[in-house]
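# Observations on chain architecture
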Amino acid sequence: MAEALIAGAALGAVFGELLKLVIDTIQQPMEFKPLLTGFERTLKTIEPSFVDIDKLSNRPADERATLRDLLDDGKKLVLKCSSICSLNKKKRKYTKELTKLDNNLCKFFHIEASAATLAGINALLDRNRPFESCGVPELPEFIIGLDQHLAILKHMLLKDTTRVLVVSAPPGFGKTTLANMLCHDDDIKGEFGDNILYLTVSAEASLMSLAKSLFIHYGINNYEIRSEQDAKNQIKNLIKRRGSGQVLLVLDDVWPESRIQDLMLPTPGFKILATSRFLFKQFNPTTYELNLLSRERAKALFCYHAFAGGSSPVNSVQDDLIDKMVAFCKRIPLALIVVGASLCNEPEVTWTSTLMQSILESHQQLLLCLRTSIDALSELHKDCFLDLSLFPEVDQIAGTTLMDMWVELYHLDDGGVRASGNLNILKSKNLVNLVPVRKEAGEPEGHCIHYRVTQHDMLRELAIHLSRQESEADRKRLFVKIPSNDFPEWWAQRPIIARVLSISTDDKFSSTWNDDPNAPNVEVLILNIKSENYTLPEFIKKMSKLKVLIVTGYGVYPTQLNNLQVLESLSNVHRIRFEYVSVSPFIQAIFTLKTLKKLNLVMCKIGDALSSGTTKYPYTLENLKYLEIDLCYDLKELPAVLCNSVRLEKLVITNCQELDSLPNEVGNLSNLEIVSLHCCTKLKELPESIKSLRKLRILDVSDCSDITALPEQIGKLSSLQAIDISGCKGLEMLPQSLAGLDKLKNVACDEERSHLWKCIESHPGKVKMNLVEEDRSETFKKIYH
């Protein structure tokens, strides 16, 4: 008994050392602070168990030994975490080990995993949503003329008295690039560490939306924001919880309505850097006005883009013509970049004709200057550029959304190869930026399905300006903004010929649709929503030509969609995308759509809406080819009825962390070529019926950490070319039959699982093994176009 008491006391001492180590480590600026904060709460929850020595001593000896091992491992792991920076390749490994340790301690004492720990996991691992992240963007390939500005700005920002610093200049002058350079500067990173938060603002931005972005960035999913004042208070508390380190909040493209002063927190070390096209009187002493580039630097920037990265080749374009073109662009960086790219590889006569256009001396000057780049596009690419005017300001557009539109509007291939090419053409002309989200197994190089599309605000203004050259009734694409319930005067008064109709409503919209618009030619309908509840309009029933429906919520919470029954009237629809909305079982009205080819559900609150038996819709999705469900955290099961879509070629269910099984009926999907189940962390196994998928080329189960084994008969997948098992921590062996697949060429795995393949491969070197560390989008999968 005495020996047990001594052992119990020793456990208490080791526990105390671990808790003190965690508390001390959290005080330091380091990458694992959100995760360790949650781990600290778990330790404090179980602390009473170590105070009661008698109770601890009564545990069996093997349990005490296990607990001692856990605590010793914890001390070693925390020490390792304290020395890891954000770019270290072992960050992901230690994150998972720390998560496992937390879970094991919870299981040992029979408590629920700490919500704060889960939040920390999200903050470190679940940053595959750059459109919601506060991470600093990458720098452009070529920057010139801003080094002196950077030095001055850095000096101003690091002054102890500076709380708010504003960079002001007209659109296109390089404000955003300068702010971005500052965030990447070594001195600034040394001062603020990982506490540099970058947010793009807009004229309609609110403190509530800003708070939402911060919560998501830090992996806090269970938040409630009641008002602007409540948002301000919660932001203040969130910053305080970050500890004693310095915090830099970067707000890009601030408008007067944004009220920066509401974010001025009386917190030591908290600073704000804002960029704006406006001047703010209250911040005059700490406003830096960015001037135009010098002639020499403007010329260098222009030549970089006009001559593919260098100076003019001998005798290609006369030097005085280059000087005239730089003057034509008024030395504005954005104009130099875009016009230069449009003239790349063009004959001298094109340059001369560009100069013959008149430019006004007002703000219109840049619009006209940039218009020359649009005029140089083909009609198809010009239409694609103008389609970018159909989405809310500043928001990043999913690449697949644009591609779905273009496939139907411009009669391109169903797979989106040509539509993806159109995006790459716009990128090559510096008219859009492409932000990678992830790269999917089997995705061709340059394919833009998993990209977000961003655009400089000046280019967006240009697209809007060019789209408004005709009256509303005569435009072929129409963007309608409805503040509150204030419909435009022309609404429902005369026929609309538009093929694309985009309707944006704010958080005060009551979903009271007055008169229906007369829009018989609409093929693409885009609904941009901010309200908590939204009723799908009845006039959808009259859109007999509708082929694409895109519904996106932009509110603080997923918008609750009502009147989903109207969907069954879409007799010709081919593609439907719902993003950040909450749906009821009436979503099953989609099951009746015989013409539907593609269905996307992204960041939706679904629950059991797809499988609930409260509705009686017949299942007739006989032409469905592509099904994607991403970031739908409450999806627990895939309805077996979906496996009746025997023409399905691509099944993507990713980041659905409550999904724990797939129906055995998956084996009926005999035309499946791609199955991606990335990061379905509760998925325990694949159904044995998967052996029937003889056309399956790509299988991705990466980061499905609960999967312990693959089906024994996986060797019957005779067409399988690539498989990704990276991050499958529970996987202990691979079926021997996998090595016998003749067409298998690529196996992606992490270092810990690489030995599993080596144990079964019969012909070493025949199959390429891709070792995946942190950045799967860079490392993996240039496989089979």
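### Section: the overall build of the protein chain
Counting secondary structure elements, the protein chain contains 22 helices and 24 strands. Buried positions account for 54% of the 785 residues belonging to the protein chain. Contacts in the protein chain between residues far apart in sequence, at least 24 positions, make up 65% of those at least 6 positions apart. Summed over its atoms, the accessible surface of the protein chain is roughly 33,600 Å², and 50% of this surface lies on carbon and sulfur atoms.

### Quick word on the packing of helix 13 (residues 319-328) against helix 15 (residues 348-355)
Where helix 13 contacts helix 15, the two axes come as close as 10 Å, and the packing angle between them is 40 degrees. Crossing angle aside, the handedness with which helix 13 passes helix 15 is left-handed. Where helix 13 approaches helix 15, its residues Leu321, Ile322, Lys324, Met325 and Phe328 are matched on the opposing element by Glu348, Trp351, Thr352, Thr354 and Leu355.

### Details of the confidence of the model for the protein chain
Summing up the model confidence of the protein chain, the mean pLDDT is 82 and the portion of residues at 70 or higher is 83%. Scored below 50 in pLDDT, residues 111-132 makes 67 contacts in the model with residues more than four places away or belonging to other chains. Low pLDDT, under 50, characterises residues 775-785; the predicted model gives this stretch 34 contacts beyond four residues in sequence or across chains.

### Some remarks on the nonpolar core
Counting 98 residues, the largest nonpolar core has Phe578 and Ile653 as its most contacted members. Here Ile653 is in contact with Ile629, Leu635, Leu638, Leu659, Leu662, Ser676, Leu677, His678 and Cys680, once residues within four sequence places are set aside. Within the second largest apolar cluster, 43 residues are counted, among which are Leu150, Cys183, Val317 and Cys329.

### Let's talk about the pattern of salt bridges
Enumeration over the complete set of coordinates arrives at 28 salt bridges. Between Arg753 and Glu752 there is a salt bridge, with its nearest N and O atoms 3.1 Å apart. Where salt bridges share partners, they join Asp404, Glu408, Asp414, Arg575, Lys597 and Lys598 into one cluster.

### Examining the packing of aromatic side chains
Counted according to the given criterion, the structure contains 14 aromatic pairs. On the basis of an interplanar angle of 70 degrees and a centroid distance of 6.3 Å, the ring pair of Trp491 and Phe539 is categorised as edge-to-face. Separated by 48 residues along the polypeptide, Trp491 in the loop between strand 9 (477-482) and strand 10 (500-505) and Phe539 in the loop between strand 12 (533-535) and strand 13 (548-553) bring together distant segments of the chain. Judged by relative accessible area, Trp491 falls into the buried class, the value being 7%. Members of the aromatic cluster, connected to one another through ring pairs, are Phe487, Trp490, Trp491, Phe509, Trp513, Tyr534 and Phe539.

### Some points on the side chain of Glu523
The topology assignment puts Glu523 in the loop between strand 10 and strand 11 (524-529). Judged by its relative accessible area of 12%, Glu523 falls in the buried class. Among all residues touching Glu523, those that are not within four sequence positions of it are Glu408, Leu409, Arg499, Lys545, Leu546, Lys547 and Val548.

### Let's talk about the sheet that holds strand 3 (residues 247-252)
Reading across the sheet, the five strands line up as 2-3-4-1-5 and stay open at both edges, with parallel pairing between neighbours. Of all strands in the sheet, those bounded by a partner on one side alone are strand 2 (196-200) and strand 5 (287-289). Averaged over all neighbouring strand pairs, the angle between strand axes comes to 15 degrees, with direction disregarded. Strand direction decides the pairing type here: strand 1 (residues 164-168) and strand 4 (residues 270-276), joined by five bridges, are parallel. Looking at the pairing, Val167 lines up with Thr275 of strand 4.

### Quick word on the environment of Gln560
Secondary-structure assignment places Gln560 in strand 14 (residues 559-562). Taking the C-alpha atoms as reference points, Gln560 and Val583, 23 residues apart in sequence, are found 6.2 Å from one another. Look past the residues within four positions of Gln560 in its chain and what remains in contact with it is Glu532, Asn533, Tyr534, Ser582, Val583 and Ser584.

### Notes on the pairing of strand 13
For strand 13, a buried count of six out of six residues is recorded, marking the element as mostly surrounded by other parts of the structure. Residues Val548, Ile550 and Thr552 line one face of strand 13 and the alternating positions Leu549, Val551 and Gly553 line the opposite face, and both faces are buried. Alignment of strand 11 against strand 13, held across six bridges, turns out to be parallel. Paired with Val524 across the two strands is Val548, which belongs to strand 13. Bridge analysis of strand 13 against strand 15 (residues 575-579) gives five bridges, and the strand direction is parallel. Bridge pairing in strand 15 places Val551 opposite Phe578.

Thresholds applied
Residues numbered from 1 in each chain as written. Predicted model: local features only at pLDDT ≥ 70, side-chain atom pairs only at ≥ 80, totals over all residues. Heavy atoms only, no water. Helix = DSSP H or I, 4+ residues; strand = E, 2+ residues; numbered from the N terminus. Buried < 20%, exposed > 50% of the residue type's maximum accessible area, 1.4 Å probe, protein only. Contact = heavy atoms within 4.5 Å. Areas by Shrake-Rupley, 256 points an atom, 1.4 Å probe, with all protein chains shown as cover. Axes fitted to C-alpha atoms, helices over the stretch in contact; angles between N-to-C directions. Left-handed = near helix turned anticlockwise from the far one by under 90°. pLDDT = per-residue confidence, 0-100. Core = buried A, V, L, I, M, F, W, Y, C linked by side-chain atoms within 4.5 Å. Salt bridge = Lys/Arg side-chain N within 4 Å of Asp/Glu carboxyl O. Phe/Tyr/Trp six-rings, centres within 6.5 Å; stacked < 30°, edge-to-face > 60°. Pairing = 2+ DSSP bridges.

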